[in-house]
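What the coordinates show
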Amino acid sequence: MYAQICVSSLCLQTWSSPKIGCGEVSSEVGCRGKGTDWGNHSVLRHRPSHLHDCSYHPLLERKENRDLLFIDLMASSAADNNNDKLANVQINELSASASPNLQKNLSIFYPDQAELAKMLLERGQSHLFEDWPDAGVDDDEKKALLGQVALLNSSYPGGLASYIKTARELLADSKAGKNPFDGFIPSVPSGEVLTFGDDNFIKYEEAGVRQVQNAAFVLVAGGLGERLGYNGIKVALPMETTTGTCFLQHYIESILCLSEASCGQAQGQCRRDVPFVIMTSDDTHARTLQLLESNAYFGMKSTQVKLLKQEKVACLADNDARLAIDPKNKYRIQTKPHGHGDVHSLLYSSGLLREWKDAGLRWVVFFQDTNGLLFKAIPAALGVSATKEYHVNSLSVPRKAKEAIGGITRLTHADGREMVINVEYNQLDPLLRATGHPDGDANCETGYSPYPGNINQLILEVGPYMDELSKTGGAIKEFVNPKYKDSTKTAFKSSTRLECMMQDYPKTLPPSARVGFTVTDPWLAYAPVKNNPDDAAKVPKGNPYHSATSGETSIYRSNSMTLRKAGVKIDDPVLQVFNGQEVEVWSRVVWKPKWAVTFADVKRKVSGSSSISQKSTLVIKGRNILIEDLSLDGTLVIDSVDDAEVKVGGSVQNNGWKIESVDKDSTALPEEVRIRGFKINKVEQLEKSYSEPGKHSLKP
C-alpha cells in the first residue's frame, strides 16, 4: 500500500510536510537532496536549506506531475486511518465560522495539509475554500490545491506566510503612493571606465583571466523567445547566422577557453573545472536539458553543468493580498514568474554557494541569455573586481540621459543608509530633479549621463555574498507593480504578484560593502536580443533596437572594430534596412573563442598589413590561425586541429557570401531568419581545413 512506502529518509510524512520535506522530485532525475551525486546532468529545485536529504525510489519516475506526486501517495491510504491522521490536528482551531466548507472536508487531509489550511485561514485566505462541495466530491482536486500550497510554501524563503506579509506591506505602500527613494540623495558612484585596447584594458584583461579558475558562471535563462517572434528557448537562438552558433554554445565555449587560458597563466596548476549554472523555468527546463544533451554539452563536462529550476509565486487578487484563484480552475492558485532575482535564493538554498566557498572559489559571474558580446568584457571586468576588491561589480555601458536603461547610482539617506544600485530610467530623472538637480538626468561633458547604464551582468565576491544571503535566508528586496482599475487604487485590472530583480541584491548591503561598476564601450559588450521586429521598428532612430537584426550586425561590428584596433584595415560599414531597422553592416568577421577570448589574443595572432573589404566574410575556427599580410575581398573559412599552426596571407578574391533581405512574414523561412529580416546567401568561398599537426601556410 502506498501509504506504507518508506525509502531511507524519504517517507510519506516527509512528502506531506513543507517543514521536513526533501529535495524536489523531477521526472528526469528522481529525488535529489543535498549531497547528491550530480551524475550526467544536475537538476535542483528551489529547496529550503533546512530540508532533509532524500533517496530515490523508482515509484517517483512513474508520475507525470512531479510537483503533486505526494498527493497520489496519500490518496491510496485506507479510509480507516483518517482518525489516526487527524489525531494531532486541533480541529477546533479551524473555525467552522471562518470556513465551514473547509471544516466539512478536514477528514480527507493529512495533518500537515490541515496545518497548511490553518495557516491560510489565519492569513485571510478563507476565500480559497468558499466554493468547496462536501467531502467525497472533487477530493483529488482539493488535495491538489493543498499540494500546490505546499510547493508554494516550500519554494519561497520564509514560506507563504512571509510572502503574504510582505505583499500586504508593499501593496499598502503602493496604494499610498510611497516613493521608495524618499529621503535618499543620489550621486555618481565610484567605478572604473575602460577604454578598449589601451594598456589599462589589457592589464585588467590579464588579471581577469587569472581569476577565471576561481570563478563560477551563472546564466539566467528562464525565458522563451516568444517576445522575439521565436518559439524556442532563447539560448538556442543562433547568435549569428554566418556560422549558426547558438548563444548557449558560444557561452560554454567562451567559459572553457577562458578556463584553459587561466590554467595556462597558472602554469597548468588548475584545481577544478569551472562550474556553470543555468537557471531555468517550467518553460525552458526540459528544452535546455535537451539542447545540452543532444550537443554533448558543447564540449563541457556534464558534471560541470547544473540546472536550477525556478518556481513561480502566487498571484495577488487585491490590496489585502488575497491569493488569486485561477479563473480556469477553482482548485488552483494562479501563479506567475517571480523574476530573475530568484537566482540568488536558488544558489543559496541549493547549497551551491556553500560548496563553492568551501572549495575556495572567489567569484560568481552572472549574465543574461541573449547578449552575444558579453564575454568580450568579462575578463577585464573580472580583473577590475580582483584589483579593486569589489564585493559587487556591475558591468555597465555609457548611457545617454533619459535613455530607457537603468543607471547605476549611489543613494545616501540622512539616517546613514547608503547603497549603490540600479535606478530605473523613469525613476532617476524625477529623483534628480527632486534633490537639487533642475536639469534632472542630463548629459555631462562626455556627451553621456554620468550615471552608467546597467546591463544586468554582475560579478559578486563569494564570501561576502554568502554571508549576506545567510542573513536574509536567500531573499532579496522585492517590489509590486499592480495595475489599478482607477485612481482610487481599490481594485486591480488583473492579478499582480511580488517580483524581484537580480540587480537589486545590493539593496540590503551595509555601507561598508565595496560596490562599484565597470564601464566598457557599448559596441564591445552590449547587444541584447529582446525585441521582436515590429517593436524594434518603432524605436526612435538613433536608439538601440535590441533585436535579432541589431544583435547579429553588432557582432560583426564588434569583431571588425577589434581587428581594426589590432591593425587590420577594415572598410567602413554601409547602412542597410532590414525589418524596418536601419543598421550598419560591417564585414562579416566571426571567430571561435578558442582563436581569441581577449584582445591580447587577437593582437598576438594578427600582424603585418592586412585588409578586409566590406563585402567580405572571414570565419576563423582553428586555434592557431595567424593572419599576416592578408588581402580579403570575398569569403574565407579556415579551420585547423589544435596542434596545427597556419599562417594565412596573400590575396583571396571571390564572389563571397551575400546578405539578402527577406520578408519577415514569409512562413516558408525559419523563424530565426525571419526575425532578422535577412539571410546569408553562400555564393562562393575559399574554405580550408588543416587536419594534420605542424606548421602550414595559406597564401593564394
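Description of the structure in this document. The shown structure was predicted, so the numbers you read here are calculated from the model rather than taken from an experiment. (Residues numbered from 1 in each chain as written. Predicted model: local features only at pLDDT ≥ 70, side-chain atom pairs only at ≥ 80, totals over all residues. Heavy atoms only, no water.)

A short note on the pairing of strand β17 (residues 453–461)
- Extensive coverage of β17 is indicated by the burial of nine of its nine residues.
- Where burial is concerned, the two faces of β17 agree: the one with G453, I455, Q457, I459 and E461 and the one with N454, N456, L458 and L460 are both buried.
- In this structure, strand β13 (residues 363–368) lies alongside β17, joined through four bridges in antiparallel fashion. When the bridges of β17 are listed, V365 appears paired with I459.
- Sheet topology note: the strand β14 (residues 392–397)/β17 ladder contains six bridges and is antiparallel. Counted as the bridge partner of V392 is L460 from β17. (Buried < 20%, exposed > 50% of the residue type's maximum accessible area, 1.4 Å probe, protein only. Helix = DSSP H or I, 4+ residues; strand = E, 2+ residues; numbered from the N terminus. Pairing = 2+ DSSP bridges.)

Details of the packing of helix α6 (residues 139–154) against helix α7 (residues 159–175)
- Contact geometry of α6 with α7 gives a least axis separation of 6 Å together with a crossing angle of 75 degrees. When the axis of α6 is compared with that of α7, the two are roughly perpendicular. Contacts between α6 and α7 involve V149, L152 and N153 from the first element and G159, L160 and A161 from the second.
- Each residue belonging to the contact of α6 with α7 can be placed in one class, and the counts come to four nonpolar, two polar and no charged. (Axes fitted to C-alpha atoms, helices over the stretch in contact; angles between N-to-C directions. Parallel < 35°, antiparallel > 145°, perpendicular 65-115°, else oblique. Contact = heavy atoms within 4.5 Å. Nonpolar A, V, L, I, M, F, W, Y, C, P; charged D, E, K, R; others polar.)

Let's talk about the nonpolar core
- F217, L219, L248, F276 and I278 are the most contacted members of the largest nonpolar core, which has 56 residues in total.
- With seven residues, the top contributor of residues to this core is helix α9 (residues 247–265).
- With residues near it in sequence (within four places) discarded, F217 still touches V212, I255, V274, P275, F276, V277, V365, F367, F375 and I378.
- V589, V590, V602 and V652 belong to the second largest nonpolar core, which has 37 residues in total. (Core = buried A, V, L, I, M, F, W, Y, C linked by side-chain atoms within 4.5 Å.)

Focus: the environment of M419
- By the secondary structure assignment, M419 is in strand β16 (residues 418–423).
- Judged by its relative accessible area of 14%, M419 is buried.
- In this view, M419 contacts F184, T409, R410, L411, P506 and K507; residues no more than four positions away in its chain are not counted.

Considering the packing of helix α5 (residues 111–122) against α6
- Where α5 contacts α6, the two axes come as close as 10 Å, and the packing angle between them is 75 degrees. The angle between α5 and α6 falls in the class roughly perpendicular. Here Q113, L116, A117, M119 and L120 of α5 lie close against α6, whose contacting residues are K143, L146, V149, A150 and N153.
- Of the residues in the contact of α5 with α6, the class split is seven nonpolar, two polar and one charged.

Considerations on the sheet that holds strand β33 (residues 686–690)
- Read from one edge of the open sheet, four strands run β24-β27-β29-β33, paired in parallel fashion. Both outer strands of the open sheet, β24 (588–591) and β33, are each paired with one neighbouring strand and no more. Averaged over all neighbouring strand pairs, the angle between strand axes comes to 5 degrees, with direction disregarded.
- Here β24 pairs with strand β27 (residues 617–620) via four bridges, running parallel. Bridging across to β27, V590 finds its partner in V619.

Looking at the side chain of R588
- Residue placement: R588 occurs in strand β24.
- An unpaired buried charge is present at R588: no salt bridge exists, and E552, the closest side chain of opposite charge, is 7.7 Å distant.
- Every residue in contact with R588, bar those within four places of it in the chain, is listed here: T242, Y556, Q614, K615, S616, T617, L618, W657 and I659. (Lys, Arg positive; Asp, Glu negative; His and termini not counted. Salt bridge = Lys/Arg side-chain N within 4 Å of Asp/Glu carboxyl O.)

Remarks on the pairing of β14
- Among the six residues of β14, six are classified as buried, and the element is accordingly described as predominantly covered.
- Where burial is concerned, the two faces of β14 agree: the one with V392, S394 and S396 and the one with N393, L395 and V397 are both buried.
- With five bridges joining them, β14 and strand β20 (residues 515–519) adopt parallel strand pairing. Counted as the bridge partner of L395 is T518 from β20.

Topic: α7
- Between its first and last C-alpha, α7 extends 24 Å over 17 residues, near the 24 Å set by a 1.5 Å rise per residue.
- When α7 is considered as a whole, its buried residues turn out to be G159, L160, Y163, I164, A167, L171 and S174. Buried positions in α7, seen along its axis, are confined to an arc of 145 degrees and lie on one side of it.
- Tucked inside the fold, the buried residues of α7 contact α5, α6, β11 (313–314), β18 (479–480) and β19 (498–499).
- At the exit of α7 stands G177, carrying a positive phi of roughly 70 degrees. (Expected span 1.5 Å × (residues − 1). Arc of directions from axis to C-beta.)

Observations concerning α6
- The end-to-end C-alpha distance of α6 is 23 Å, a good match for the 22 Å that 16 residues give at a rise of 1.5 Å each.
- The buried count for α6 comes to 14 of 16 residues, which makes it a mostly enclosed element.

Focus: unusual backbone geometry
- Even without being a glycine, E389 presents a positive backbone phi close to 55 degrees.
- With respect to the helices and strands, the residue E389 is situated in the loop between α13 (378–388) and β14.
- Located in the positive-phi region is K489, a residue other than glycine, with phi close to 55 degrees.
- Within the secondary structure, K489 sits in the loop between β18 and β19.

Here's the deal with the layout of surface pockets
- The volume enclosed by the second largest pocket comes to roughly 780 Å³.
- Considering the residues around the second largest pocket, the lining is formed by 26 residues, among which G542, N543, P544, Y545 and R557 are closest to the centre.
- Secondary-structure elements contributing two or more residues to the lining of the second largest pocket are α16 (522–525), α18 (548–565) and β23 (581–585).
- Among the elements that take part in the lining of the second largest pocket, α18 stands out by supplying four residues, more than any other.
- Each residue belonging to the lining of the second largest pocket can be placed in one class, and the counts come to 13 nonpolar, six polar and seven charged. (1 Å grid on protein atoms, 1.4 Å probe; cavity = no way out; pocket = protein on both sides within 12 Å on 5 of 7 lines; lining within 4 Å. Points joined across faces, edges and corners; volume = space filled by probe spheres on them.)

Some details on the pattern of salt bridges
- Scanning all chains against the criterion turns up 31 salt bridges.
- Across the pair K309 and D282 runs a salt bridge, and its minimum N-O distance is 2.1 Å. Of this pair, K309 sits in strand β10 (residues 305–309) while D282 sits in the loop between β9 (276–280) and α10 (285–294), and the two are 27 residues apart along the sequence.
- In this structure, D665 engages K664 in a salt bridge whose closest nitrogen and oxygen atoms are separated by 3.4 Å.
- Overall, D665 belongs to the exposed group, its relative accessible area being 55%.
- For K664, a relative accessible area of 26% gives the class partly exposed.
- Each of E260, K594, R623 and D642 takes part in a single network of salt bridges with overlapping partners.

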